[in-house]
Amino acid sequence: MKSLEQCQAIGHETNKLYSFKLIPPSSLNGISKSEFVLSCNFDHLAKQYPEFQDAWSQAVSSGETSRTAAPFNSTVFNKALTRSLLHHHFHLLLPSLPEGTLCPPIPNRANYVLWLRELIASCAYDLERFSSRCPVGEHGEHQVQPCNQIKTANQMELRFQGIDIGTGVSAIYPLLLCTSLFAQSDALMDRERDGNITDSSPNSEMSNAHYSSRRIEKAQRRSDVFWKFLATDIDPLAVESARTNVEANHLENQICVVQVESSSNRNESCLHSDEQNQNNALEGPLFAAMKEAKCSDMFQISKPSTTNKTHTTTNQCDVQDLSTFPKFDFVMTNPPFYSTLEEANTPRAGDKRSRTEMTLNEAVYSHSYHHDFNYDKTGTENFRDVTKGQSGSSDEGGDVGFIMAIMKDSQFFRHHVTWYTSLVAKRSSLEIVLHRLQTLDGIWGNRGQIRTVEFRQGSMGFDNGQDGNSRKDGAMRCNPRVRWGIGWTYERAAARCRACRVISGLTYFNVSMSGKTSNADSVVDANGDENYDSGCGNGTAAYLDEIVSRLMAYFNSFREPSLTCTRHIRNGSPCVTAIEKRFDNSASFYATSHKLEEDNENLPVAGHFLIDTFVRAATSGSDTPSEQTGIEFEVIIEAYSHTKHGSVLVDKIRGPMPGEIRRTNRRWRRLKKTGYAR
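Residues numbered from 1 in each chain as written. Predicted model: local features only at pLDDT ≥ 70, side-chain atom pairs only at ≥ 80, totals over all residues. Heavy atoms only, no water.

1. Concerning the environment of Ile-432
Stated precisely, the cut-off is as follows: In this text, helices come from DSSP runs of H or I with a minimum length of four residues, and strands from runs of E with a minimum of two, each type numbered from the N-terminal end. When checking whether two residues touch, look at their non-hydrogen atoms; a contact exists if any pair is within 4.5 Å.
Of note, Ile-432 is situated in helix 17 (residues 427-437). Taking C-alpha positions, Ile-432 is 9.8 Å from Met-404, a pair spaced 28 residues apart along the chain. Those residues in contact with Ile-432, other than ones at most four positions away along the chain, are Glu-396, Val-400 and Met-404.

2. So, the packing of aromatic side chains
To be explicit about the condition: Think of it this way: a Phe, Tyr or Trp ring, Trp meaning its six-membered ring, pairs with another when their centres are within 6.5 Å, and the plane angle makes it stacked under 30 degrees, edge-to-face over 60, tilted otherwise. Type-normalised accessible area, obtained with a 1.4 Å probe on protein chains alone, sets the label of each residue: buried when under 20%, exposed when over 50%, and partly exposed for intermediate values.
With the rule as written, the count across this model stands at 22 aromatic pairs. Between the aromatic rings of Phe-42 and Trp-56, the centroid separation amounts to 5.2 Å while the plane-to-plane angle is 85°, which identifies the pairing as edge-to-face. Residue Phe-42 is found in helix 2 (residues 42-48), and its partner Trp-56 is found in helix 3 (residues 50-61); the two are separated by 14 residues along the sequence. Here Phe-42 falls in the buried class, since its relative accessible area comes to 3%.

3. With respect to the nonpolar core
Keep this limit in mind: Only buried Ala, Val, Leu, Ile, Met, Phe, Trp, Tyr and Cys residues count toward a nonpolar core, and they belong to the same one when joined by side-chain atoms within 4.5 Å.
Phe-52 and Ile-255 are the most contacted members of the largest nonpolar core, which totals 69 residues. The dominant element in this core, judged by the number of residues it contributes, is helix 5 (residues 106-121), at nine residues. Within the second largest apolar cluster, 41 residues are counted, among which are Ile-31, Ile-163, Leu-286 and Phe-299.

4. Notes on helix 16 (residues 398-413)
Stated precisely, the cut-off is as follows: Expected span, for any helix, means 1.5 Å times one less than how many residues it has.
With 16 residues, helix 16 extends 23 Å from end C-alpha to end C-alpha; this agrees with the ideal 22 Å at 1.5 Å per step. Counted residue by residue, helix 16 has 15 buried out of 16 residues, so it is predominantly covered. Just downstream of helix 16 lies Arg-414, where phi reads positive at about 45°.

5. Focus: the packing of helix 16 against helix 17
Put simply, the rule reads: The convention used is that axes are lines fitted to C-alpha atoms, helices contributing only their stretch in contact, and that angles between N-to-C directions extend from 0 to 180 degrees. Should an angle lie under 35 degrees it is considered roughly parallel, over 145 roughly antiparallel, and from 65 to 115 roughly perpendicular; all remaining angles are considered oblique. Definitions for this section: a left-handed crossing has its near helix turned counterclockwise from the far helix by less than a right angle. A right-handed crossing has that turn clockwise. Polar here means any residue other than Ala, Val, Leu, Ile, Met, Phe, Trp, Tyr, Cys and Pro, which are nonpolar, and Asp, Glu, Lys and Arg, which are charged; Gly is therefore polar.
The N-to-C vectors of helix 16 and helix 17 enclose an angle of 25°; their axes lie 9 Å apart at closest approach. As the angle between them shows, helix 16 and helix 17 are arranged roughly parallel. Relative to helix 17, helix 16 is oriented so that their crossing is right-handed. For the pair helix 16 and helix 17, the contacting residues are Asp-399, Val-400, Ile-403, Met-404 and Met-407 in the first and Ser-429, Ile-432, Val-433, Arg-436 and Leu-437 in the second. Class assignment of the residues belonging to the contact of helix 16 with helix 17 gives a composition of seven nonpolar, one polar and two charged.

Okay, here's the thing in structure tokens:
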């Protein structure tokens with residue numbers, strides 16, 4: 001049976017403007033799916049917006065109604081549609097979209113924005129601490145503090161700030177996140193922070209109702225979200241256009257648009273300069289953005305030195321003084337998808353349509369120098385800068401090369417940004433990036449520190465004013481064009497990080513406790529010693545206590561791995577939590593000699609895995625046992641695995657559990673046969 005978390009989207013918003021659904025992956029190594037449908041009726045838009053009416057009339061008069069028809073793929077039509085949708089749904093103006101530049105598809109951009117908002121919202125639950133703007137000690141250490149919240153009498157205001165690398169002529173991502181539609185958050189930013197009791201069994205109506213009532217109560221508390229953006233671009237035309245769009249929407253106090261130097265130009269000059277500049281060579285796009293943020297009044301966290309009275313420029317900022325850089329909640333980017341100009345100009349393989357019109361900077365990322373990540377056994381990072389085309393070099397360009405450049409920069413800034421995210425053009429590119437994250441220092445493939453998503457947008461119909469959200473049969477129409485997203489963080493994941501929830505394999509089983517027992521009934525513990533359980537008598541509570549005792553005996557009997565378990569009440573139900581014994585004293589773990597080859601220094605404090613086992617009486621049956629049927633109990637297993645090694649151990653522990661707790665496996669049959677257990 002599937003749990004509530006598996007059956008329902010973890011993020012789900014529906015109103016007359018749009019529908020958004022974020023579906024968790026079906027397995028630990030799977031990819032989340034983000035579905036977004038924007039309500040659209042071309043006839044209605046044409047009545048409200050003259051620019052779109054002209055473009056729509058031209059398309060209809062052509063007599064071609066196919067998606068691939070030229071009138072519906074013209075620059076004029078797409079710009080008119082984009083402007084109309086932005087104003088109609090988001091009350092945004094987009095006066096500047098220069099010829100020959102990328103016209104942003106609104107559904108895809110909004111999909112990325114909503115996924116990012118969910119990702120930020122999950123930090124309070126899925127990460128051990130929310131690193132945003134934590135103070136830094138004199139030695140550069142991060143001092144823990146909660147998410148930046150400003151509370152008033154009736155509401156809570158959440159403040160977040162991020163970087164949009166390559167914002168383009170439209171500055172579409174900052175504009176969307178700063179709109180009133182996305183700035184208000186109900187259940188999303190006030191999401192349940194306590195662990196949910198799993199609903200893996202078929203008899204979970206009471207817990208579901210309890211869960212729903214708590215969500216409704218929380219949803220009644222409104223949270224306003226205030227976003228601040230640093231938007232960067234290397235193209236002066238894009239910067240000028242983006243500033244025009246920001247000013248047209250009166251968002252100058254939230255969005256700072258700056259021009260940065262191209263990394264290829266900067267690195268080329270550094271390589272022919274002195275030794276100190278050579279050490280700073282091969283800095284990527286994130287470095288350029290952080291230098292600007294450091295010297296910006298909007299993001300600056302410490303004033304420049306007063307010893308130098310002259311104006312402080314970007315080059316005068318000391319890059320090595322990490323503690324003076326501002327902190328950000330996220331980095332987002334829509335990277336150039338192509339490695340060469342030839343690739344950008346090649347028609348699409350499927351329908352042979354021309355590529356989307358865009359500038360060279362928007363389309364192509366290709367540098368002479370690339371970066372390989374190599375690490376020694378101590379985990380110390382070593383970057384090998386190699387030339388494209390050499391043996392063993394990394395010659396990726398396009399979206400892969402751009403993301404790798406940000407990844408290299410993230411090794412320096414690490415905790416100065418909570419989530420590093422990017423749009424990805426192809427599934428093959430996503431696989432390459434994921435492969436690099438398996439060995440990236442500080443990440444090491446820990447599942448709680450990596451997020452992947454598949455973006456799907458609902459198609460927008462235009463025939464006879466038909467709403468494109470659904471077909472006549474009621475099924476949603478999806479655009480066949482798919483994009484992906486990737487995110488990584490250097491923050492340590494919480495032990496019960498939802499991204500690490502094991503949703504396959506054994507998740508629950510039933511235990512029937514016979515009504516024919518008394519205080520004189522003896523049981524045999526895991527070591528074969530005969531004991532008497534004085535608490536085992538007739539009644540649900542006594543039998544529930546007996547099952548909990550069996551769970552604790554089972555966990556304590558494990559030797560490979562050796563486990564430690566605790567009994568407590570979680571979400572109103574008895575729970576036994578098990579972790580590896582060597583992580584029990586997690587504060588001193590890394591100072592001991594208990595490390596294994598599979599360990600890394602950014603594991604959660606609970607180690608590779610954590611298993612919660614809940615026990616509750618089945619809703620059917622009587623509280624008073626009978627000799628024929630007894631009382632049915634449910635044992636729900638909620639496991640979290642942070643590494644591949646953790647998954648192996650979880651499967652090893654869960655497998656024998658039903659037979660041991662029910663006492664029906666071979667060992668207990670043998671003991672009963674010899675009379676040592678009844």
